[in-house]
Amino acid sequence: MEIKNLEKKILNGGPLSREETLLLSGIKGPDIFTLFDSSNRIREHFRGNKIGLCSIVNAKSGACSEDCSFCAQSSRSKAQIKVYPLMDKKIILQKAIEAKKSGIQRFSLVTSGRKVSAADLRKI
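J.: Which parts of the structure should I look at to understand the overall build of the chain?
T.: Helices and strands together make up the secondary structure of the chain, namely 5 helices and 2 strands. Mapped from its N terminus to its C terminus, the chain presents α and β elements in the order α-α-α-β-α-β-α. Relative to the 2.2 N^0.38 estimate, which gives 14 Å for 124 residues, the radius of gyration of the chain is 21 Å and therefore markedly larger than a compact globule would have. When its C-alpha atoms are laid out on the principal axes, the chain stretches across 55 × 35 × 25 Å.

Here's what the structure looks like:
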């Protein structure tokens, strides 16, 4: 099976070609379970049985003009969410400190909208 051959290639340190990567991304049906199995074996080989913790804070919520169908903050969504402007930087800093004390290794901020405005970025 092609998936197992690619698994061996990766475990031996070989890179995947673009064509091989595209082949894997198009797998469907029962072969998807073989892909999951190989992916898990590769993860265990290179990363062990460890996880890394991350935390995100929604620093600005709702009122987004974008219409992303998957997002509760989008202009299309009917979800009942809290809408608030950018959090004060003292609150953001406190959230980061709490995350660090909890053993979190990566901390990120998310905001509604296409991108963070220059004014909001200066505040952060």
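J.: When you look at the packing of helix α1 (residues 2-11) against helix α2 (residues 18-25) in this model, what are you seeing that I'm missing?
T.: Axis angle and axis distance: for two packed helices, these are the angle between their axes and the distance between the axes, and together they describe the pair. Taken N-terminus to C-terminus, the directions of α1 and α2 make an angle of 130°; their axes are 11 Å apart at the nearest point. Taken together, α1 and α2 sit at an angle that is classed as oblique. Remark: the crossing between α1 and α2 carries left-handed chirality. On α2, the residues that touch Glu2, Ile3, Leu6 and Lys9 of α1 are Glu20, Leu23 and Leu24. For the contact of α1 with α2, the class distribution of residues is 4 nonpolar, no polar and 3 charged.

J.: Sorry if this is basic, but what is going on with the side chain of Gln73 here?
T.: As for its position among the elements, Gln73 is in the loop between β1 (54-60) and α4 (89-101). Note on Gln73: relative accessible area 16%, which makes it buried. In contact with Gln73, not counting residues within four places along its chain, are Asn58, Lys60, Ser61, Gly62, Ala63, Cys64, Ile81 and Ser112.

J.: Any chance you could explain the packing of aromatic side chains here in plain terms?
T.: Each aromatic ring pair is summarised here by two numbers: the centre-to-centre distance and the angle between the ring planes. With the rule as written, the count across this model stands at 1 aromatic pair. When the centroid spacing of 6.2 Å and the interplanar angle of 85° are considered together, the rings of Phe33 and Phe36 count as edge-to-face. You can see Phe33 and its partner Phe36 sitting in helix α3 (residues 31-47), 3 residues apart, about one turn around the helix. Given a relative accessible area of 59%, Phe33 falls into the exposed group.

J.: Is there a simple way to think about the pattern of salt bridges in this case?
T.: Side chains that differ in charge, positive against negative, can pair when their charged atoms come close. Throughout the structure, instances matching the rule amount to 9 salt bridges. Between Asp37 and Arg41 there is a salt bridge, with the nearest N and O atoms lying 2.4 Å from each other. One end of the pair, Asp37, and the other, Arg41, are both in helix α3, 4 residues apart, so they sit about a helical turn from each other. For Asp37, a relative accessible area of 34% translates into the label partly exposed. Using a relative accessible area of 36% as the deciding quantity, one classes Arg41 as partly exposed. The salt bridge involving Arg43 is made with Glu44; its shortest N-O contact spans 3.8 Å. If you follow the salt bridges from partner to partner, you end up with Lys4, Glu7, Asp37 and Arg41 in one network.

J.: Looking at this model, I keep getting lost on the confidence of the model for the chain. Mind explaining?
T.: When pLDDT is low, close inspection of the predicted coordinates is not appropriate. Residues of the chain with pLDDT of at least 70 account for 99%, and the chain-wide mean is 91. For the chain, the element scoring lowest by mean pLDDT is helix α5 (residues 118-123), at 89; α1 scores highest, at 96.

Rules used throughout
- Residues numbered from 1 in each chain as written.
- Predicted model: local features only at pLDDT ≥ 70, side-chain atom pairs only at ≥ 80, totals over all residues.
- Heavy atoms only, no water.
- Helix = DSSP H or I, 4+ residues; strand = E, 2+ residues; numbered from the N terminus.
- Rg over C-alpha atoms; globule rule 2.2 N^0.38 Å.
- Axes fitted to C-alpha atoms, helices over the stretch in contact; angles between N-to-C directions.
- Parallel < 35°, antiparallel > 145°, perpendicular 65-115°, else oblique.
- Left-handed = near helix turned anticlockwise from the far one by under 90°.
- Contact = heavy atoms within 4.5 Å.
- Nonpolar A, V, L, I, M, F, W, Y, C, P; charged D, E, K, R; others polar.
- Buried < 20%, exposed > 50% of the residue type's maximum accessible area, 1.4 Å probe, protein only.
- Phe/Tyr/Trp six-rings, centres within 6.5 Å; stacked < 30°, edge-to-face > 60°.
- Salt bridge = Lys/Arg side-chain N within 4 Å of Asp/Glu carboxyl O.
- pLDDT = per-residue confidence, 0-100.

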